[in-house]
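Next come the chains, spelled out residue by residue.
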Amino acid sequence: MIELDRDAMTPLYVQLANVLRDRIRSGEIPVGRRLPSQSELEAETGGVVSRRTIKSALELLAAEGLVQGVQGKGVFVIALPSAKG
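Let me begin by describing the structure that accompanies this report. (Residues numbered from 1 in each chain as written. Predicted model: local features only at pLDDT ≥ 70, side-chain atom pairs only at ≥ 80, totals over all residues. Heavy atoms only, no water.)

A look at the overall build of the chain
- Of regular secondary structure, the chain possesses three helices and two strands.
- Secondary structure elements of the chain occur, N-terminal to C-terminal, as α-α-α-β-β.
- Taken against the 2.2 N^0.38 rule, which gives 12 Å for 85 residues, the C-alpha radius of gyration of the chain at 12 Å falls within 12% of a compact globule.
- The buried share among the 85 residues of the chain stands at 33%.
- Counting only contacts in the chain whose residues sit at least 6 apart along the sequence, the fraction spanning at least 24 positions is 54%.
- Taken as a whole, the chain presents about 5100 Å² of accessible surface, with 51% of it coming from carbon and sulfur.
- One way to put it: in the chain the 11 positive side-chain charges average out to a point 8 Å from where the 10 negative ones average out. (Helix = DSSP H or I, 4+ residues; strand = E, 2+ residues; numbered from the N terminus. Rg over C-alpha atoms; globule rule 2.2 N^0.38 Å. Buried < 20%, exposed > 50% of the residue type's maximum accessible area, 1.4 Å probe, protein only. Contact = heavy atoms within 4.5 Å. Areas by Shrake-Rupley, 256 points an atom, 1.4 Å probe, with all protein chains shown as cover. Lys, Arg positive; Asp, Glu negative; His and termini not counted. Charge placed at Lys NZ, Arg CZ, Asp CG, Glu CD.)

Right, here's the structure in full:
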């Protein structure tokens, strides 16, 4: 279960990206593995976030060069986060 704080100053999409980044860093989601789908992530957050929020979190990770979407296949981890990231 992914727990996000709706009252925090940090936007929900950034909180979600942080959770996913930590999972990548820890090896829970290794390089080459597909991230959970948007509907799986929505379920994992208890439906607290919209698909748009999930998409924004994935776009943030893609902009960092950590993940890449493959049409019809999903979003895959392509790199590990830097130590500071």
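Brief notes about the pattern of salt bridges
- All told, the structure shown has eight salt bridges when counted by the stated rule.
- With its nearest N and O atoms 3.6 Å apart, the salt bridge here joins Glu28 to Arg23.
- Among the ionic pairs, Arg23 bridges to Glu44, the shortest N-O distance being 2.5 Å. In this pair, Arg23 sits in helix 1 (residues 12-26) while Glu44 sits in helix 2 (residues 38-44), placing the two residues 21 residues apart along the sequence. (Salt bridge = Lys/Arg side-chain N within 4 Å of Asp/Glu carboxyl O.)

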